[in-house]
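Chain by chain, the residues run as shown.
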Amino acid sequence: MGLKLKEYFLTSRYKKQLEIETEILGDKTVGGDKSSEVRNFSLFSVVAHHGDYVARGHYTNYTYDSVTKKWFHFDDDVVTAASEGDVLRNPNAYILLYERKRL
């Protein structure tokens with residue numbers, strides 16, 4: 001699993017929006033591994049932080065269901081369908097989770 005994190009300052013939220021890619025095409029040195037295998041990754045989850053400070057705020061999540069091939073938005077006990085555009089253009093994206101694709 002791959003992981004991308006947004007940077008935060010201790011006193012205020014970092015304002016730069018994360019660049020979200022649905023696919024990451026790896027190379028032979030992903031994660032420091034020197035094997036000859038090329039690794040590719042697919043985005044499967046995005047954690048979003050809503051609020052001005054990392055210590056305060058509200059977290060929601062977008063998760064891709066590989067069975068239905070749809071994105072869902074989780075906000076406490078409310079789950080709604082989401083478009084890929086909602087996920088990719090989310091200004092509150094904080095953590096991106098990728099899974100390794102088997103070739």
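Provided above is the structure to which this section pertains.
Residues numbered from 1 in each chain as written. Predicted model: local features only at pLDDT ≥ 70, side-chain atom pairs only at ≥ 80, totals over all residues. Heavy atoms only, no water.

A. Region of the structure containing the overall build of the protein. Each helix and strand in the protein was counted, giving one helix and seven strands. Counting all 103 residues of the protein, 31% fall into the buried class. The long-range fraction of contacts in the protein, counting pairs at least 24 apart against all pairs at least 6 apart in sequence, stands at 52%. Approximately 7,000 Å² of the protein is accessible, and the part contributed by carbon and sulfur atoms is 54%. (Helix = DSSP H or I, 4+ residues; strand = E, 2+ residues; numbered from the N terminus. Buried < 20%, exposed > 50% of the residue type's maximum accessible area, 1.4 Å probe, protein only. Contact = heavy atoms within 4.5 Å. Areas by Shrake-Rupley, 256 points an atom, 1.4 Å probe, with all protein chains shown as cover.)

B. Up close: the side chain of Asn61. Within the element layout of this structure, Asn61 appears in strand S4 (residues 58-65). According to the relative accessible area criterion, Asn61 is buried, its value standing at 18%. In terms of polar contacts, Asn61 uses its side chain to reach the side chain of Ser45, at 2.9 Å. Of the polar contacts made by the side chain of Asn61, one reaches the side chain of Thr63; its length is 2.4 Å. Those residues within four positions of Asn61 in sequence are excluded, and the remaining contacts are Ser45, Val46, Val47, Phe72, His73 and Phe74. (Polar contact = N/O pair within 3.5 Å; in protein donor to acceptor, adjacent residues only side chain to side chain.)

C. Broad picture of the environment of Ala93. Mapped onto the fold, Ala93 is located in strand S7 (residues 93-101). Put simply, Ala93 and Val47 are 46 residues apart on the chain and 5.9 Å apart in space, counted from C-alpha to C-alpha.

D. Region of the structure containing unusual backbone geometry. Even without a glycine there, the phi angle at Lys69 is positive, about 60°. Examined against the element boundaries, Lys69 turns out to sit in the loop between S4 and strand S5 (70-75). With phi around 55°, Asp76 is a residue other than glycine that occupies positive phi space. With respect to the helices, strands and loops of the structure, Asp76 is situated in the loop between S5 and strand S6 (78-82). The exposure class assigned to Asp76 is exposed, which follows from its relative accessible area of 62%.

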